[in-house]
There are 2 protein chains.
Amino acid sequence: MIYFDNSATTKPRSQVVHEVTECMEKCFGNPSSAHRLGMDAEKKLKMARERVARLINAKPGELVFTSGGSEANNMAILGAIDKGQHLITSRIEHPSVLRLFEKLEKDGFPVTYLDVDRSGLVNLEQLAAAIQENTRLVSVMHVNNEIGTIQPVPKIIQLVREKNRKAKVHVDGVQALGKVAVDVKKLDVDLMSLSAHKIHGPKGVGALYVKNGFNLKPLMIGGGQEADLRSGTENLPGISGFGVAAELLGEDLEAKLAHVKALKLYFITMLQALDGVLINSPADDVHADAILNVSFEDVKGEVLLRALEDYEIYVSTGSACSARKAAHRNYVLPAIGLKERHIEGAIRFSFSHLNKLDEVEKAMAALYKILPVLRRVKK
Amino acid sequence: MIYFDNSATTKPRSQVVHEVTECMEKCFGNPSSAHRLGMDAEKKLKMARERVARLINAKPGELVFTSGGSEANNMAILGAIDKGQHLITSRIEHPSVLRLFEKLEKDGFPVTYLDVDRSGLVNLEQLAAAIQENTRLVSVMHVNNEIGTIQPVPKIIQLVREKNRKAKVHVDGVQALGKVAVDVKKLDVDLMSLSAHKIHGPKGVGALYVKNGFNLKPLMIGGGQEADLRSGTENLPGISGFGVAAELLGEDLEAKLAHVKALKLYFITMLQALDGVLINSPADDVHADAILNVSFEDVKGEVLLRALEDYEIYVSTGSACSARKAAHRNYVLPAIGLKERHIEGAIRFSFSHLNKLDEVEKAMAALYKILPVLRRVKK
């Protein structure tokens, strides 16, 4: 099996599976319990928090564990705002940001949606012009989940700080973690969402970075776990598995990123030798190499996906959230100005540092075989 | 190890651990992905939904998987109400209900808090008198987490339906599942919260039963998973483990409940032969046997807990949520009219059907040894 759908989800690493299993078997106590089993569980929780914090250069106390990236996004946005405040986001955010802003707009919040250029980069002039005295929150994703664009987050944050000292910046970092280096202190971001299952960790666990001193409102109320910011018995096996995944990812991260870049460059070089291929992802300097979006002319994306599946090669026609729901059609490719015929034939290849060069080689060999056949059939 | 803190959390069954592990290793696809790995994951999701639904006699489509009981409670309550509507709950709810209602009250919702009697039963006359034309939601727990009282949910629902056809009833069923028979159709409840880790399933997963046709608002917005009611990539290993736990629990449930009743009766009989012991849990006919709350006079609960710990016997002085936070002091025992000296010496023993009679025997032998010593020290 060749799995190139790592932006939908990743296969948990064996050490992660081991941690989750061991935690369920040997450390099943409730971290809030007063007895030894509870203390043991709390220690595990602390260790996981330190591990995830280290990966993004946060303090452990700045992390709130959640059930995943979508919860982190919802919590960040809803927890930071009050009625009537002006909000800014971009047109190519994940649905857990974009749809939420659309709902908030219906509820009466003034919202500015930033346009993006052909590379998927937000329009900074538009951003500068949009920031008002009443602007409370700017939410942009670090790495786009469909085409891999890296937003100029430091510039965005600098701009926001210059224009309005009270405005806060939330960054959806779900697709950034493991694909680019993430340093919350260097970025000087206020809120950042993370997800474990995109970095070979378990599903059902994520985190929200909340800068020290930020007065966030909780999304869920109850037993007061996570410093009263996220109630509910902690998913200790999941959180502990997230910690292991974070630690593993942090080891030689630069080498991992270089490996993925090499995979991508091989892939692109081979693609460019094919006729009727359009690379939708942006140029190297603003591209998270792990997410490569390509349009194949005169071929339907879904048909190519099925044909590759016969070779046990797994890819996507877009983000998993939009893959099977007509109501959630891809809006990122239209936003960067792609024409319908190129949207139709788009495939997202998303790599992990665990992918091997020979997998890319085999996938390319399959593409070279499949494409002419599919195009002949279509004509 | 003798674990009598099953209401804080339970040890996952080996079959559950196996399911979670296998799911992580072999079925790691995103259920929303269009390829075979996604389809396989979706099938697993479907099977888990059927299993959990069967346990409570719901239709699979009436279940929304969540990250746990607290999320289910928050989602049920916040999703059912609109500004200004009148709400009713009791004084002995779990913090994820009670604290949420307190917040809603601050936000301007009129809230009635029902008193409970010495048995922890809500005052039905007070309920009848409280229901107004504007009453939207009545939220009561099925089984109390501190003393094990079974509320007369069918009577409560009947009363609500008689007085106001538009009012809805939410039942926090987190401590009911596995401790009493739960049948949502017989109860005719509108919303019911469930949690996996209380029934030997994984942490980080729960469900909300939403009666067919109920127009609930989502708590989290995004990719539209769970019929658009709960966005976020599904925690498939957790959900699948929940399914296995539900199926195992459903097998000979009556025999399991009888076994726990037998454990409790042995325990109570032995306790009653001791001096200065007060059973805080109610009489058999309204008692979920698994949760036995007992006050030991002239002993501090925390001291007894530590002493039992030396025998590797794990108990609790109250719910895990209130165990280690001064701010969340036990409010259930005062609500049933217990005096300070009895609150101080209260211990919650919470059993599982997996506990053996010889464990109860050993624990009782330990208590017989420890109590006189602790009392002598105190004098």
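Criteria and cut-off values
Residues numbered from 1 in each chain as written. Chains lettered and ligands numbered in written order. Predicted model: local features only at pLDDT ≥ 70, side-chain atom pairs only at ≥ 80, totals over all residues. Heavy atoms only, no water. Buried < 20%, exposed > 50% of the residue type's maximum accessible area, 1.4 Å probe, protein only. Helix = DSSP H or I, 4+ residues; strand = E, 2+ residues; numbered from the N terminus. Pairing = 2+ DSSP bridges. Expected span 1.5 Å × (residues − 1). Axes fitted to C-alpha atoms, helices over the stretch in contact; angles between N-to-C directions. Contact = heavy atoms within 4.5 Å. Domains from an automatic or database assignment. Buried area = accessible area lost by both parts, 1.4 Å probe. Salt bridge = Lys/Arg side-chain N within 4 Å of Asp/Glu carboxyl O. pLDDT = per-residue confidence, 0-100. Polar contact = N/O pair within 3.5 Å; in protein donor to acceptor, adjacent residues only side chain to side chain. Nonpolar A, V, L, I, M, F, W, Y, C, P; charged D, E, K, R; others polar.

Residues and elements named next belong to chain A. Taking every second residue as pointing to the same face, both faces of strand β2 (residues 63-66) are buried, with L63 and F65 on one and V64 and T66 on the other. The sheet contact formed by β2 and strand β8 (residues 206-210) spans four bridges and is antiparallel. By the bridge assignment, L63 is partnered in β8 with Y209.

In this section: helix α8 (residues 236-250) of chain A. Residues and elements named next belong to chain A. Under the 1.5 Å per step criterion, the end-to-end length of α8 is 21 Å for 15 residues, consistent within 8% with the ideal 21 Å. Here α8 lies mainly inside the structure; 13 of its 15 residues are buried. Phi for D252, located one or two positions after α8, is positive at around 50°.

Here the focus is the sheet that holds strand β5 (residues 135-141) of chain B. All names here are of chain B. Strand order across the open sheet formed by seven strands is β2-β8-β7-β6-β5-β3-β4, with mixed pairing between neighbours. Of all strands in the sheet, those bounded by a partner on one side alone are β2 (63-66) and β4 (111-114). Averaged over all pairs of adjacent strands, the angle between their axes in this sheet comes to 20°, without regard to strand direction. Pairing geometry for β5 and strand β6 (residues 168-172), over five bridges, is parallel. For M141, the partnering residue across the bridge sits in β6 and is D172. Contacts between helix α6 (residues 153-163) and the sheet are confined to β5 and β6, with β6 contributing the most and set at about 160° to the helix.

This next bit is on the sheet that holds β8(A). Residue and element names in this part refer to chain A. Spatially, seven strands are ordered β2-β8-β7-β6-β5-β3-β4 in an open sheet, and the strand pairing comes out mixed. In this open sheet, the two strands that pair with only one neighbour each are β2 and β4 (111-114). Mean inter-strand twist for the sheet, computed between neighbouring axes without regard to direction, equals 20°. Across three bridges, strand β6 (residues 168-172) lies against strand β7 (residues 191-195) in parallel orientation. Bridged to V171 within β7 is M192.

What follows covers the domain arrangement of chain A. How big an interface is tends to be stated in terms of accessible area lost as the parts join. Residue and element names in this part refer to chain A. Partitioning chain A into domains gives domain 1 (2-9 + 252-378) and domain 2 (14-250). One C-alpha centre belongs to domain 1, the other to domain 2; they are set 27 Å apart. On the side of domain 2, 33 residues touch domain 1, which itself brings 35 residues to the contact. When residues of domain 1 are sorted by the area they lose upon contact with domain 2, L253, Y331 and I336 head the list and together hold 20% of the total. Our count for the contact surface shared by domain 1 and domain 2 stands at zero salt bridges. For the side of domain 1 that touches domain 2, the secondary-structure elements that each account for two or more residues are α9 (253-272), β9 (277-279), β10 (291-296), α11 (320-323) and α12 (332-335).

In this section: the confidence of the model for chain A. Per-residue confidence for chain A gives a mean pLDDT of 96; residues scoring 70 or more make up 97%. Our summary of model confidence lists the complex with pTM equal to 0.97 and ipTM equal to 0.96.

To continue, consider the interface of chain A and chain B. Contact with chain A, which involves 69 residues of that partner, is made by 69 residues of chain B. Buried surface at the junction of chain A and chain B, summed over both partners, amounts to about 5,500 Å²; 60% is from carbon and sulfur atoms. Linking chain A with chain B are two salt bridges. Taken together, the connections running from chain A to chain B amount to 25 residue pairs in polar contact (both at pLDDT 80 or more). The biggest single contributor to the side of chain A that touches chain B is helix α1 (residues 14-26) of chain A, with six residues. In terms of residue class, the side of chain A that touches chain B is made up of 28 nonpolar, 24 polar and 17 charged.

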